[in-house]
Amino acid sequence: MDRRAFLRISGAVPVAGLAGWPPPDDWKRLRARLSGPLFRPGDPAYPEAKQGFFTMYDDRMPAAVVGAARVEDVQAAVGFAARHRLPVAARGGGHSYPGYSTVDGGIVVDLSRFSGIDVRPDGRAAIGAGARLGPIAATLAAHGRVLPAGSCETVGIAGLALGGGVGLVDRKHGLTCDHLEAARIVTADGRVRTVSRAAEPDLFWALRGGGGGNFGIVTGFTFRTVPIADVGTFKLTFPPGTQAALLAAWQEWLPGMPDELWSGVNIDAATAVTSGTFLGSEARLKELLDDLVRRVGTPPADREARVTGHLAAMRSFDDHEGRPGAVAARAAYVGTSRMLLRPVTDPAAVVEVLTRAPRVGTLVDSAGGAIARVGDRETAFPHRSALASFQFLHGATPEDGGEAEARRALAAVRDGLGPEFGTTGYVNYLDPDMPDWARAYYGVNLPRLRAVARKYDPRGLFAFPQGLSEPRPIVHKGGS
């Protein structure tokens, strides 16, 4: 189902009717209830307020952007959307690959003002849902603490944690969602709920890997953190033509590595690189890397390794300018994913699929370790036994051929891989064209997740094209 069809079925008001529905007096009453700003089409600040991270979706026209400044603002926005049958979406970091946090004809609840980070004496951290990974890492580091998370500084904590949260030390410490102890969420009935293992445990379970945008709007989290430590970083750049040898060696080498080692692989038509982190000595890291080089059978053209502080190590992996379609603090690219369930039997055939389109880049993140010691059903994240995640990226600028060409090229890679990948995908890399997307993203946890969605969002207020809530069947005609 495409986005327009979904909006029609779910009762969303057509964009052409934004000026007349809901009535102007209703918008005035909403504005009066809010502590934060309300941005409407025609307001001078509206064009910027509606922007997410990806420039491809700048043509979308929300009916309003609520700059929520307190929980009551979120409640007011949710209640308004429910009464007027408008779609509503939360926006944390705005990094939704399909742009679902910028909703045509609906209400965007901008959580950027929920950016507080409070580190408690016991090492727990209360973090607002609008906080970004860069400030979180810096604040925690100043207190000698770490929350396992990704390296992109502009990604929001909410989307990351709610979808699982892969990162650069997760083989040692687990996913971001494994450190979640409590969350505050506004559900479709307008209630504010604080959920944990002891309070509404079914909803708490669903928030640990069930994906952003489902169940309600989370406004804050409490995480358990770990003590900070120096980090060894490495990067081995192999000559062109060694992609298959690197993949073959890496998948054989990785399972025998200690939890303290995390590794990624970057493969494209001209690139064969592995990089990663190690929570141990430089001498031990050298031994482990020597073993990998021996297995590849070709020495790297360039080899880097050093031990540095945690914050510097994380920042060294955030290559914003290296991402496709980077434009200032925003970007234009699309992505998709698969999970590697077991070692591939023919690495050369896999590399042929990965590199047949010259503009597709593949980023492989190792799994295993602490991630795999949590059961598939213990949290909503279902891919605990995977060997690695594969993320495929393609620029979506006009020079790249635009979004449609990017999605075509990615689909050929995604659907051309062998049975070792199965029907899988990582929900934080949402792909609107993913075949059998619900099973791919949620696996064995899909039935339970849909039951939780029915319980907390029975009328589908938070429904979206790849959401767990069912869209509302009644189309509102609008009026003035």
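Computed from a predicted model, the values in this text were never measured in an experiment.

Let's shift gears to the pattern of salt bridges. All told, the structure shown has 31 salt bridges when counted by the stated rule. Among the ionic pairs, Arg-294 bridges to Asp-291, the shortest N-O distance being 2.6 Å. Separated by three residues within a single helix, Arg-294 and Asp-291 lie in helix 10 (residues 282-296), roughly one turn from each other. The class for Asp-291 is buried, based on a relative accessible area of 18%. Connected via shared salt-bridge partners are Asp-122, Arg-124, Glu-181 and Arg-224.

This part takes up the packing of helix 9 (residues 243-253) against helix 10. For any two helices packed against each other, one specifies the inter-axial angle together with the distance between the axes. In contact at an axis separation of 8 Å, helix 9 and helix 10 are set at 135° when each is read in the N-to-C sense. Between helix 9 and helix 10, the angle falls in the class oblique. In the crossing of helix 9 with helix 10, the sense of the turn from one axis to the other is right-handed. Contacts between helix 9 and helix 10 pair Ala-245, Leu-246, Ala-249, Trp-250, Glu-252 and Trp-253 from the former with Leu-288, Leu-289, Asp-291, Leu-292, Arg-295 and Val-296 from the latter.

Following the sequence through the fold, Asp-104 ends up in the loop between strand 3 (88-91) and strand 4 (107-110). Given the relative accessible area of 15%, Asp-104 is considered buried.

Before going further, it helps to spend a moment on the sheet that holds strand 20 (residues 388-395). The strand order across the open sheet formed by seven strands is 15-12-14-13-19-20-18, and the pairing between neighbours is antiparallel. With one partner strand each, in any of the chains shown, strand 15 (302-308) and strand 18 (333-340) form the two edges of the open sheet. Neighbour to neighbour, the strand axes of the sheet diverge by 15° on average, direction disregarded. Two elements, strand 18 and strand 20, share eight bridges in a ladder whose sense is antiparallel. Bridge pairing in strand 20 places Gly-335 opposite Leu-393. Sitting on the sheet, helix 13 (residues 402-414) is in contact with strand 18 and strand 20, with an inclination near 10° to strand 18.

Counting 72 residues, the largest nonpolar core has Ile-107, Ile-157, Phe-215 and Phe-221 as the members making the most contacts within it. If near-sequence neighbours (up to four positions away) are discounted, Phe-221 is found in contact with Ala-125, Ala-126, Ile-127, Ala-129, Ile-157, Ala-158, Leu-162, Leu-180, Ala-182 and Ala-183. By size, the runner-up hydrophobic cluster in this structure holds 61 residues, among which are Trp-250, Leu-292, Val-351 and Leu-410.

Moving on, we get to the sheet that holds strand 9 (residues 192-195). Strand order in this open sheet of five strands is 5-6-10-8-9, and the pairing throughout is antiparallel. Each edge of the open sheet is held by one strand with a lone partner, namely strand 5 (117-119) and strand 9. Across the sheet, the mean angle from the axis of one strand to that of its neighbour is 10°, orientation sign disregarded. As paired elements, strand 5 and strand 6 (residues 124-128) share three bridges and run antiparallel to each other. Each residue of the ladder has a partner; that of Asp-118, found in strand 6, is Ala-126. Sheet strands in contact with helix 5 (residues 133-142) are strand 5 and strand 6, and its direction is about 25° off that of strand 5.

Of the positions making up helix 15 (residues 446-456), those classed as buried are Leu-446, Leu-449, Val-452, Ala-453 and Tyr-456. Looking straight down helix 15, one finds its buried side chains confined to an arc of 125°; they lie on one side. Exposed side chains of helix 15 directed beyond 90 degrees from the buried face belong to Pro-447, Arg-454 and Lys-455. Looking at the buried residues of helix 15, the elements they touch are strand 9, helix 8 (201-207) and helix 14 (437-442).

Rules behind the numbers
Residues numbered from 1 in each chain as written. Predicted model: local features only at pLDDT ≥ 70, side-chain atom pairs only at ≥ 80, totals over all residues. Heavy atoms only, no water. Salt bridge = Lys/Arg side-chain N within 4 Å of Asp/Glu carboxyl O. Helix = DSSP H or I, 4+ residues; strand = E, 2+ residues; numbered from the N terminus. Buried < 20%, exposed > 50% of the residue type's maximum accessible area, 1.4 Å probe, protein only. Axes fitted to C-alpha atoms, helices over the stretch in contact; angles between N-to-C directions. Parallel < 35°, antiparallel > 145°, perpendicular 65-115°, else oblique. Left-handed = near helix turned anticlockwise from the far one by under 90°. Contact = heavy atoms within 4.5 Å. Pairing = 2+ DSSP bridges. Core = buried A, V, L, I, M, F, W, Y, C linked by side-chain atoms within 4.5 Å. Arc of directions from axis to C-beta.

Just distances and angles here, no functional claims.
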